[in-house]
Amino acid sequence: MSPALQTRALGKRYGRGWALRDCTLTIPAGAVVGLAGPNNAGKSTLLDLAVGLLAPTEGEISVLGRDPWRDAGALGSVGYVGQDAPLYRSFTVGEAVEFARATNVRWQPTAAHEFLARLSSDRRISTLSAGERARLALGLALGKRPSLLLLDEPFARLDPLAGREFLQMLMDGVAETDATVVIASHVTADIERVCDHIVLLTGGRVRLEGNVDRLLASHRLLTGASRPLGRISGVREIVRRRHSGRQMTLLARLDRPIVDASWSVDRIGLEDLLLAYMTPEQLPTPRAHEKGPLRWHG
Amino acid sequence: MAWVTWRQHRLQFLIGIGMLVSVAVAALATGLPMHAAYHRDALSACLPPTARSGCDIIVHHFQTEFGNVLRAVRYLVFFPALVGLFVGAPLVAREFEQGTYRLAWTQTVTRRRWLLSKTVLLAVATALGAFTLSALAMWWRHPFDVLEGRMSPSSFEVEGIVVPAYAVFALCLGVFAGLVLRRSVPAMCAALVGFFGVRLAVAKLLRPHYLPARHDMATGLTPDSHSHDWVLNNSIVDAVGHQITSGREDLAILHARHARIDASEYLLSLGWHRAVTFQPGSRFWVFQGVESAVFILLAAAIVLATVRLLQRTPS
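Residues numbered from 1 in each chain as written. Chains lettered and ligands numbered in written order. Predicted model: local features only at pLDDT ≥ 70, side-chain atom pairs only at ≥ 80, totals over all residues. Heavy atoms only, no water.

1. Some words on the overall build of chain A
Note the cut-off: Helix and strand labels come from DSSP, where a helix needs a run of H or I of at least four residues and a strand needs a run of E of at least two; each type is numbered from the N terminus. For every residue, the accessible area (1.4 Å probe, protein chains only) is compared with the maximum for its type, and the residue is labelled buried under 20%, exposed over 50%, or partly exposed between those bounds. Pairs of residues are marked as contacts when any of their non-hydrogen atoms sit within 4.5 Å. The Shrake-Rupley method, run with a 1.4 Å probe sphere, supplies the accessible areas, and residue values consider only the shown protein chains as cover. Counted charges follow a simple rule, with Lys and Arg positive, Asp and Glu negative, and His plus the chain ends left uncounted. For this purpose, a charge sits on NZ of Lys, CZ of Arg, CG of Asp or CD of Glu.
When helices and strands are tallied, chain A shows eight helices and 13 strands. Overall, the C-alpha framework of chain A stretches about 65 × 60 × 40 Å when taken along its three principal axes. Burial status across chain A gives 50% buried among its 298 residues. Long-range pairs, those at least 24 residues apart, make up 68% of the contacts in chain A between residues at least 6 apart in sequence. With the model as given, the accessible surface of chain A reaches about 14900 Å², and the carbon-plus-sulfur share is 49%. Of the side-chain charges in chain A, 38 are positive and 32 negative, and the distance between the mean point of each set is 7 Å.

Following this line, the structure appears as C-alpha cells:
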C-alpha cells in the first residue's frame, strides 16, 4: 500500500524565515500519528501543505499518492479539521451537514449521522460549545469517509472531558474505516494516549520520527555517578544529559543493550521522551540587554 | 454548490428583492401620473415640439413638472456598483476573515469549481435583477425618451442591456478585489473606485468611438435638430473650419452690441457657423450592444484572473 503521506526535502518559507525545512518523512497507511512539537514548530504548516492550502517552497509532498497543490482533486478522500474547527457561524448544525454533503461527492450521511445525532440539527453553530463545535467539525470530516484524516490542534480549546469525548468519537470513527490519522498537538499528553507513530518537529525541522513502540524500546535513561563521558557501549546518541550533585542522568538512544553495570538503566515514557527532544541541549545564555538592572514595576 | 451559494447569499438576495420592489413601487407611484399626463396632453402628437403651435409650451410644461423625478432616476447608475460591493467583495474576503476558507477549500469540490459556481450563479441572479431594474427605468422614462431621446449618458446608462452588464462587471471586480485584499471593507472600497474608474474611462474614451461620429454643419447658429442625439461637440467654426474659442465669440458678440447690429447675423456675416459632432439616437441599440460586450468581456477577463490567482496563491 502506498504511504498515506510522504514528503521529500519539503520546505516552506514565509518572507525570510523558514516555517518548515528539509522535511522528509513517510507516514504509513493506517497509522495514528502524533505530530508533536512546540508552538511555531511547523506543525500547521505541514498540515496546510498536505491539504493544498499552501504551496511548498521547495521539495515535494504527496498525499495518498497525489500532489495536493497541483492536483485539484486530491482532497476527495482527505478529511481536514483546521485549528479551532472553522465552520460557518451563521449556519445551523443541519446546514453545516448539508454544506458538507453538497461539497463532497463521497459524502456518507450514515457515517456522519451517527456522530452528529447528539447535536440538534436546528441549533446555530454560534451557540455551540467548543466541544460541540469540535465534534461537529470532526463529524463533517468523517462523513467524507476519509482515507487520511488531518486534525490541527483539535484539543486546544477543549476541557479535559470534551477532549476525551472527542478522542472517543475519533477512535470510533477511524476504527470503521482504517483511516490514517494525523493529530497535530503541542500538548504531548494528548498524543501519548492514542498515537502509534510520532513525528516531532522543532524549529521547522523533523527532530524525531518513528513508531512509538520502537522509539520507546530504543531509548533508555542511564543514571550513574558523574564522570567524564567517553563512549558507552550500546549508546548510539546521547540526547540529553542532566547533572544533579554527583549524579548524572543521560537520555540515550541505544543500538544494543547496555552491559556496563555502573549505569542503572530505566525505561522512559513517551511524554518525557518528546519533552527531552524538544528541550535544547543547553539553555541559551541570556542576551546582554536582558541582564539589565531590575526595575520596580509598582 | 447551488445550495451553498443560496445559503450563503440568501440575505443579500432578499435585500436585493426588497430593493427592487421598493424601486418598482416608487416607479409606479411617480410613473403612472406621468404617463397619464403624457397621454392626456397627447404629447406624442407634438413631436418634434415645433409640429404645431402651442406644442413647445406643452412640452416645456411637462418637462418642468416631472424633471425632478427624472433626476432621481439617474441615481440608478449606483445600483450595479452596490451589487459589486455587497455581493462580490465579501465572496472570498469573508472566507478569509472568518477562517472558513480552511473548511471551504478542503472539501472535494475544487477551489476553481467553488469560485466559478458561486460567481456564475450570483452573476445570473444579479443580471436578472439589473435587467428588471433597467426594464422599470425604460418604462418609466418612456415619455422622456420620446421627447429627449435616450442616447445621452444620463439615460443611456440606466436603460437597456448595459445595466446588467455593469452589474455583472461590478460583481466580478468585487470578487477579485476580495481575493487580492482578503478583507471585505477594503475590497469594497477598491471595487468601488475601480468600477467608477472603468465606467468613466469607457464612457469618456471608448463610447464616443464605437461608430464614427457624424458631423453636421448648421447654417444657423442654434441647432435644435439634435435633441435625440448624443452631442459630442458643439462649437462655432469659421469659414475654413477652425474652431472659434469662446473668448473670441464673446468678443465678437460684444463688438456687435456696440455696433448695434444683430449678433447672430454679424457672426454669420463673418462666415462663422455652428459645427456639431454627434452620435445619432438611432444607434442606441448598437451602442448598447457594444458597451455591454465591453463590460461582459472585462468581467470574463477578471473572472479568469481571479480563478488563476485563487489556484496559484497559497492561502
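2. Quick word on the interface of chain A and chain B
How we decide: What gets called buried area is simply the loss in accessible area from a 1.4 Å probe that two parts show on being joined, summed for both. A pairing counts as a salt bridge when a side-chain nitrogen of Lys or Arg comes within 4 Å of a carboxyl oxygen of Asp or Glu. Whenever two N or O atoms come within 3.5 Å, that pair is a polar contact, provided that in protein one can donate a hydrogen and the other can accept it, and provided that, for residues adjacent in sequence, both atoms are side-chain atoms. By the convention adopted, Pro, Cys, Tyr, Trp, Phe, Met, Ile, Leu, Val and Ala count as nonpolar, Lys, Arg, Asp and Glu as charged, and the other residues, Gly among them, as polar.
Counting residues at the interface gives 28 residues for chain A and 25 residues for chain B. A combined buried area of about 2400 Å² lies between chain A and chain B, and 62% of that area is made up of carbon and sulfur atoms. Area buried by chain A at its contact with chain B is led by A:Leu53, A:Tyr88 and A:Phe99, which between them contribute 26% of it. On the surface where chain A and chain B come into contact, there are three salt bridges. Counting every contact that joins chain A to chain B gives 11 residue pairs in polar contact (both at pLDDT 80 or more). Listing elements by their share of the side of chain A that touches chain B, those giving two or more residues are strand S5 (78–81) and helix H2 (93–103) of chain A. The element contributing the most residues to the side of chain A that touches chain B is H2(A), with five residues. For the side of chain A that touches chain B, the residue count by class is 16 nonpolar, six polar and six charged.

3. Remarks on the domain arrangement of chain B
Here is the rule: An automatic or database domain assignment is the source of the domain bounds shown.
Here the domain parsing of chain B yields domain 1 (2–212 + 281–312) and domain 2 (230–279). Relative to domain 2 of chain B, the C-alpha centre of domain 1 of chain B lies at a distance of 40 Å.

4. Looking at the environment of A:Gly143
All names here are of chain A. Along the chain, Gly143 turns up in helix H4 (residues 130–143). Taking relative accessible area as the criterion, Gly143 reaches 0% and is therefore assigned buried. Here the alpha-carbon distance between Gly143 and Asn104, two residues 39 residues apart in the chain, equals 9.0 Å. Setting aside residues up to four positions removed in sequence, Gly143 forms contacts with Arg106, Trp107, Gln108, Ala111 and Ala112.

5. Quick notes on the domain arrangement of chain A
Residue and element names in this part refer to chain A. Split into domains, chain A comes out as domain 1 (5–203) and domain 2 (214–278). Taken together, the two surfaces of domain 1 and domain 2 that pack against each other cover about 780 Å², and 78% of this comes from carbon and sulfur. In terms of surface lost to domain 2, no three residues of domain 1 exceed Thr188, Glu192 and Ile198, which account for 58% of the buried area on that side. Linking domain 1 with domain 2 are zero salt bridges, by the criterion used here. Of all the elements in the fold, those that place two or more residues in the side of domain 1 that touches domain 2 are helix H6 (188–194) and strand S8 (197–202). A class-by-class count of the residues in the side of domain 1 that touches domain 2 yields five nonpolar, three polar and one charged.

6. Examining the packing of H2(A) against helix H1 (residues 2–40) of chain B
Convention followed: Between the N-to-C directions of two axes lies an angle of 0 to 180 degrees, each axis being a line fitted to C-alpha atoms and, for a helix, fitted only over the stretch in contact.
Closest axis-to-axis distance for the H2(A)/H1(B) pair is 9 Å, and the angle between their directions is 140°. Contact residues: H2(A) offers A:Glu95, A:Glu98, A:Phe99, A:Ala102 and A:Thr103, while H1(B) offers B:Trp3, B:Val4, B:Arg7 and B:Arg10. Residues that form the contact of H2(A) with H1(B) fall into these classes: four nonpolar, one polar and four charged.

7. Looking at the nonpolar core
Nonpolar side chains tend toward joint burial in soluble globular proteins. Inclusion rule: Remark: nonpolar core denotes a set of buried residues (Ala, Val, Leu, Ile, Met, Phe, Trp, Tyr, Cys) joined through side-chain atoms within 4.5 Å.
Counting 113 residues, the largest nonpolar core has A:Leu136, A:Leu150, B:Phe62, B:Val92, B:Trp105 and B:Trp114 as its most contacted members. Looking at this core element by element, the count peaks at 13 residues for helix H7 (residues 162–181) of chain B. Sequence-distant contacts of A:Leu136, that is, excluding residues within four places in its chain, are made with A:Leu87, A:Val93, A:Ala96, A:Leu116, A:Leu119, A:Ile125 and A:Leu128. Among the nonpolar cores identified, the runner-up in size contains 41 residues, and A:Ala85, A:Ile268, A:Leu273 and A:Tyr277 belong to it.

8. Some words on the pattern of salt bridges
Taken as a whole and assessed by the stated rule, the structure comprises 18 salt bridges over all chains. With a shortest N-O distance of 3.1 Å, A:Arg123 and A:Glu132 are connected by a salt bridge. A relative accessible area of 18% places A:Glu132 in the buried class. Connected through shared salt-bridge partners, B:Arg141, B:Asp145, B:Arg150 and B:Glu159 make up one network.

9. As for the packing of aromatic side chains
In plain terms, the rule: Classification of ring pairs rests on two measures: the distance between centres of Phe, Tyr or Trp rings, Trp counted by its six-membered ring, which must be within 6.5 Å, and the angle between planes, read as stacked under 30 degrees, edge-to-face over 60 and tilted in between. Whether a charge lies above a ring is judged from NZ of Lys or CZ of Arg, which has to be within 6 Å of the ring centre and within 35 degrees of the ring normal.
Inspection of the entire model under this criterion finds 22 aromatic pairs over all chains. Grouping aromatic residues by their ring pairs yields a cluster made of B:Tyr75, B:Phe78, B:Tyr166, B:Phe169, B:Phe195, B:Phe196 and B:Phe295. Taking the ring centre of A:Trp18 as reference, the NZ or CZ of A:Arg21 above it sits at 3.9 Å. One cation-aromatic arrangement involves B:Arg199 over B:Tyr166; the distance from NZ or CZ to the ring centre is 4.1 Å.

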